[in-house]
Amino acid sequence: MTLTELKYIVAVAREKHFGRGAEACHVSQPTLSVAVKKLEEELQVKLFERNANEITITPLGEEIVRQAQSVLEQAESIREIARRGKDPLAGSLRLGVIYTIGPYLLPDLVRQNIEKTPQMPLVLQENFTVKLLEELRTGEIDCAILAEPFPDSNLAIAPLYDEPFMAAVPSSHALAARTSVTAEELKKETLLLLGTGHCFRDHVLEVCPEFARFSSSAEGINKSFEGSSLETIKHMVAAGMGITLVPRLGVPKEALALSGQDMSANQPSYIRYLPFEGHVPTRRVVLAWRRSFTRYEAIAALRNAIYACELPGVIRLS
């Protein structure tokens, strides 16, 4: 057997489809299918059950795929050790970021990384938490910036910062004249949420748990609506469709400077951002990587680049 064949069966198991597995490996489907069949014949076991629409992995196949993934990680570790002997930071770093962090952190992070470690370009991917955790486990990415909590996947974790939420309301809304808001007051409003799969949706529902019952129906206190991204939801807020919560880094700098401090009519926005009174809802943002990942210097360099970012309004952690 070869490492290439092991890579193919891991891809097929992950995608549950020979065509998508071949695409992920950048080979033709016939090439991948022949290689998988050859490995099955060599091992004298059936790894996959094939049918017209999808494939399923056999119980013995699952065990073999897990071992194959471990072998691939060990092989990559050998390459990494060789690279570290020349330059510990040489080579790209594959970084995953959840959707509600990427747009606000990455512009500054990429600039800081280029300035500090130009020999270590970042290969970036935005995705849902559950998908990034799976890609960490299978070695498709090296590390990820996530918001706690998430399922324990035996990952190494480094806290980065605690980020407070702010309420975003239309500038024409009665609450816009306030300097702060309470979670209790939000229960009376139409709440705009991200769709299912976004961990930030769960964070918002922790602040306003009453909406968990009504977010998928027209009954209850007020109907809530769902959007595909925070930026889309912010446009809906500006249009007067309702209110939402946003992470502090998602607040534009000019609005952040004015919210809760200056009621000037010159605020260049149709949205008013209000801090919370009393208990402030917050999320913890962390950097996660596999414990078997050996490029310790790369992780340290990435953390330094993150800490060099401006990060307005958050509490930095060490």
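Use the structure listed above.
Report follows, based on the coordinates. If you're wondering where the values come from, they're calculated on a predicted model, not measured in any experiment. One numbering rule holds for all chains: residues counted from 1, following each sequence as written. Two thresholds apply to this predicted model, a pLDDT of at least 70 for residue-level local features and 80 or more for giving and counting side-chain atom pairs, whereas whole-chain, interface and lining totals are computed over all residues. Hydrogens and waters are ignored; side-chain quantities use all the structure's heavy atoms.

**With respect to the overall build of the chain**
Step number 1: For the chain, the helix and strand inventory stands at 11 helices and 12 strands.
Step number 2: Three labels apply to residues, based on accessible area from a 1.4 Å probe with only protein chains included: buried if under 20% of the type maximum, exposed if over 50%, partly exposed otherwise in between. Here the chain, with 318 residues, has 48% of them falling under the buried criterion.
Step number 3: Nonlocal contacts in the chain, meaning residues at least 24 apart in sequence, comprise 73% of its contacts between residues at least 6 apart.
Step number 4: For the area figures, the Shrake-Rupley method with a 1.4 Å probe applies, and any residue is considered shielded solely by the protein chains shown. Per element, the accessible surface of the chain, about 15,500 Å² overall, is 54% carbon and sulfur. In this text, helices come from DSSP runs of H or I with a minimum length of four residues, and strands from runs of E with a minimum of two, each type numbered from the N-terminal end. The contact criterion used is simple: two residues touch if any of their non-hydrogen atoms lie within 4.5 Å.

**Structural notes on the nonpolar core**
Step number 1: Residues L95, L109, I145, Y161, L287 and L302 are the most contacted members of the largest nonpolar core, which totals 73 residues.
Step number 2: When residues of this core are assigned to their parent elements, the largest contribution, 10 residues, is made by strand β6 (residues 155-170).
Step number 3: Discounting residues that sit within four places of it in the chain, L95 has contacts with L109, L122, V123, L124, Q125, C143, A144, I145, L287 and L302.
Step number 4: Buried residues of nine kinds, namely Ala, Val, Leu, Ile, Met, Phe, Trp, Tyr and Cys, make up a nonpolar core once their side-chain atoms join them within 4.5 Å. I9, A22, L32 and L39 belong to the second largest nonpolar core, which has 20 residues in total.

**Here's the deal with the pairing of strand β4 (residues 122-127)**
Step number 1: We call two strands paired when DSSP finds no fewer than two bridges between them. In this structure, strand β3 (residues 93-98) lies alongside β4, joined through six bridges in parallel fashion. Bridged to L93 within β4 is L122.
Step number 2: What joins β3 to β4 is helix α5 (residues 102-116), and the crossover it makes is right-handed. Assignment of crossover handedness uses the view with strands pointing away from the viewer, where a clockwise path from the first strand over the helix to the second indicates a right-handed crossover.

**Brief notes about unusual backbone geometry**
Step number 1: Cis geometry marks the peptide bond from E148 to P149, where omega comes out at 0°.
Step number 2: Here P149 lies in the loop between β5 (143-147) and β6.
Step number 3: With a phi angle near 55°, K16 is a residue other than glycine that sits in the positive phi range.
Step number 4: For K16, the location among the structural elements is in the loop between α1 (3-15) and α2 (18-25).
Step number 5: With a phi angle near 60°, Q44 is a residue other than glycine that sits in the positive phi range.
Step number 6: Residue position: Q44 is located in the loop between α3 (29-43) and β1 (48-50).

**Focus: empty space enclosed by the protein**
With a probe scaled to a water molecule rolled over the atoms, the places where space remains empty come into view.
Step number 1: Cavities and pockets were defined on a 1 Å grid built over protein atoms only: a cavity is a set of grid points that admits a 1.4 Å probe from which the probe cannot escape, a pocket is an open set flanked by protein on both sides within 12 Å along at least five of seven lines, and lining residues are those with an atom within 4 Å of any such point. Grid points are joined across faces, edges and corners, and a volume is the space filled by probe spheres set on the points. The tally for this structure, following the rule as stated, stands at two cavities of 30 Å³ or more.
Step number 2: Of the pockets and cavities examined, the largest cavity occupies roughly 40 Å³.
Step number 3: For the largest cavity, the full set of lining residues is L192, L193, L194, F200, R201, V204, L230, I233, T244 and L245.
Step number 4: Going through the elements one at a time, β7 (192-194), α8 (199-207), α9 (230-238) and β9 (244-247) are the ones with two or more residues in the lining of the largest cavity.

**Here's the deal with the layout of surface pockets**
Step number 1: Of the volumes computed, that of the largest pocket is approximately 850 Å³.
Step number 2: Taken together, 35 residues line the largest pocket, and the ones lying closest to its centre are K7, E76, R94, G139 and E140.
Step number 3: For the lining of the largest pocket, the secondary-structure elements that each account for two or more residues are α1, α2, α4 (59-86), β3, β4 and α6 (129-138).
Step number 4: For the lining of the largest pocket, the element with the most residues is α4, which contributes nine residues.
Step number 5: Of the residues in the lining of the largest pocket, the class split is 12 nonpolar, 10 polar and 13 charged. Throughout this entry, Asp, Glu, Lys and Arg are counted as charged residues, while Ala, Val, Leu, Ile, Met, Phe, Trp, Tyr, Cys and Pro are counted as nonpolar. The remaining residues, Gly among them, count as polar.

**Quick word on the packing of aromatic side chains**
Step number 1: Two rings from Phe, Tyr or Trp (for Trp, the six-membered ring) form a pair when their centres sit within 6.5 Å of each other. Planes less than 30 degrees apart are called stacked, planes more than 60 degrees apart edge-to-face, and all others tilted. Enumeration over the complete set of coordinates arrives at two aromatic pairs.
Step number 2: Pairing Y99 with F128 gives two aromatic rings, centres 5.1 Å apart and planes at 75°, and the pair type is edge-to-face. With Y99 in the loop between β3 and α5 and F128 in the loop between β4 and α6, this pair connects stretches of sequence that are 29 residues apart.
Step number 3: Residue F128 is classed as partly exposed on the basis of its relative accessible area of 28%.

**Points about the pairing of β9**
On a regular strand, each side chain points to the face opposite its neighbour's, so the side chains alternate between the two faces of the sheet.
Step number 1: Here β9 shows a buried face lined by T244 and V246 and a second buried face lined by L245 and P247.
Step number 2: Of the pairings in the sheet, the one linking β6 to β9 comprises four bridges and is antiparallel in character. In the sheet register, F165 faces β9, and the bridge partner there is P247.

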